[in-house]
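Close look at the chain arrangement
Here are the chains, one letter per residue:
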Amino acid sequence: ARAPSTAQPPATYMLRLLLASDVHDDTSAIEALRAWLSSHDLLGKLDAVLCPGDLTTAPAASLDAQEEARYEAAAQRVLDGLGSLAPRLVFSPGNHDPPRFFSGFGGGNSSASTSNAHARSLSLAPGLWLAGWGGSATATEEGVPVWPGWPLSEDENAAGYAQLQRALRGGGSAGASFDGPGPGDSLLLLPHCGPAGAGTTVVTAADPNNPSSPGMRRAPILSGSHHLSALLDSRLLQRQCVAVVHGHTHAGVGLSSLGRVPVINPGSLRFGRRFGLLTLRREPDQWQLESLHFHALDGVSPSHGSSAPTAASLALSPPVADAA
């Protein structure tokens, strides 16, 4: 880990972020989002887009070369669309994204303005770093696995988060590219799969793939990562982490917390047509959450809400679907 920067940022520094997740090939939703941003005088005024994964719909299985090329092209179309909404795009691949996005560390579809954050830390602003981790954890129902973690094993997920913690403590990243945050810096986490114990990762709907379907499950599906929760339980992360932004749970739109760390799920841009706007502020020497609003594009059913902004403090309803 590097030493804290000696450069002095402005006393007040604002960062405006668009949160868009689980697009699943829906480029028409990206165009509708562009129109929404333009109509609200926000196009060109955002600092970055954060996407916590599932750009496309690749199956959670090994792919042949032809299939992988097809899904990579589909994912690239989504990256191109999201990347046109702000000067910078940072994403972590999801369990339905191509395997190459997980190869090496930070591999797959990075460019000057687009960054794959898997197993990497990236500087977002003075004193603020982002660390990402892709893929999903094993989801369980009454202790029985119902959705496998993909494409990384639970051991690989555990090792990745352990590497991040060592890097933050200054002990080296042991293979991943997590070097960057210093002891005085703030950290924003961008995993695809949220932490176990957060309400935004619990599936209570009878049909986890249909957010508008009525009914509740007899037992909830728990889709969060226990390894991420263990990381957030450390005193170091409780002090440095300004927020966790995740996807995977399609209609789990809302704000939860683990300890003092906010856990944010903007929902799915395809299933529910949801997205979020997050503003962070540094004043005078630490980053904090300034505002958080959840929105839905026009044309969704009443159960998904309207295009009017919803204040984060009022968006604490339990999640109703998951990416599976």
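You'll find the structure just up there.
As a starting point, this report considers the structure included with it.

Thresholds, definitions, all that
For every chain, the first residue of its written sequence is number 1, and the numbers climb from 1 along that sequence. Totals for whole chains, interfaces and linings use every residue, but because this is a predicted model, local features are given only for residues with pLDDT of at least 70 and side-chain atom pairs only at 80 or more, for both listing and counting. Based on all heavy atoms of the structure, the side-chain values leave hydrogens and waters out of the count. Side-chain atoms within 4.5 Å are what join buried Ala, Val, Leu, Ile, Met, Phe, Trp, Tyr and Cys residues into a set we call a nonpolar core. Burial status follows relative accessibility: with a 1.4 Å probe on protein chains alone, a residue under 20% of its type maximum counts as buried, one over 50% as exposed, and anything between as partly exposed. Numbering of helices and strands runs from the N terminus; a helix is a DSSP stretch of H or I covering at least four residues, while a strand is a stretch of E covering at least two. Here, two residues are considered to be in contact whenever any of their heavy atoms come within 4.5 Å of each other. The salt bridge definition used is simple: a Lys or Arg side-chain nitrogen within 4 Å of an Asp or Glu carboxyl oxygen. Paired strands are those between which DSSP finds at least two bridges. Orientation is described by axes fitted as lines to C-alpha atoms, over the contacting stretch for helices, and by angles from 0 to 180 degrees between their N-to-C directions. What a helix is expected to span follows from its residue count: subtract one and scale by 1.5 Å. By definition, the arc is the one covered by directions from the helix axis to the C-beta atoms.

Note on soluble globular proteins: their nonpolar side chains tend to be buried together. By size, the foremost hydrophobic cluster in this structure holds 50 residues, and its most contacted members are Leu18, Leu55, Leu82, Leu189, Leu232 and Leu237. Broken down by element, this core gets its largest block of residues, five residues, from helix 1 (residues 27-39). If near-sequence neighbours (up to four positions away) are discounted, Leu237 is found in contact with Leu168, Leu187, Leu189, Leu231, Leu232 and Val261.

It is worth spelling out the pattern of salt bridges at this point. By the definition in use, this model includes six salt bridges. We note a salt bridge from Asp41 to Lys45, for which the minimum N-O separation is 2.6 Å. On the basis of relative accessible area, Lys45 is assigned to the partly exposed category, the value being 41%.

This part is about the sheet that holds strand 9 (residues 186-191). Strand order in this open sheet of six strands is 5-6-9-12-14-13, and the pairing throughout is mixed. In this open sheet, the two edge strands, each paired with only one partner strand, are strand 5 (121-125) and strand 13 (254-258). Between one strand and the next, the sheet's axes are offset by a mean angle of 25°, whatever the strand orientation. By the bridge criterion, three bridges tie strand 9 to strand 12 (residues 241-245) in an arrangement that is parallel. From the neighbouring strand, Leu188 faces strand 12, where its bridge partner is Ala243. Of the strands in this sheet, strand 6 (128-133) and strand 9 touch helix 3 (residues 154-169), which is tilted by about 165° from strand 6.

Attention now moves to helix 1. Here helix 1 spans 19 Å end to end across 13 residues, near enough to the 18 Å set by a 1.5 Å rise per residue. Residues of helix 1 that are buried include every one of Ala29, Ile30, Leu33, Trp36 and Leu37, and no others. Along the axis of helix 1, the buried positions cluster into a sector of 115°, meaning they face one direction only. In this fold, the buried residues of helix 1 make contact with strand 1 (13-19), helix 2 (65-83), strand 15 (274-282) and strand 16 (287-296). Just downstream of helix 1, Asp41 is the residue with a positive phi angle, here 55°.

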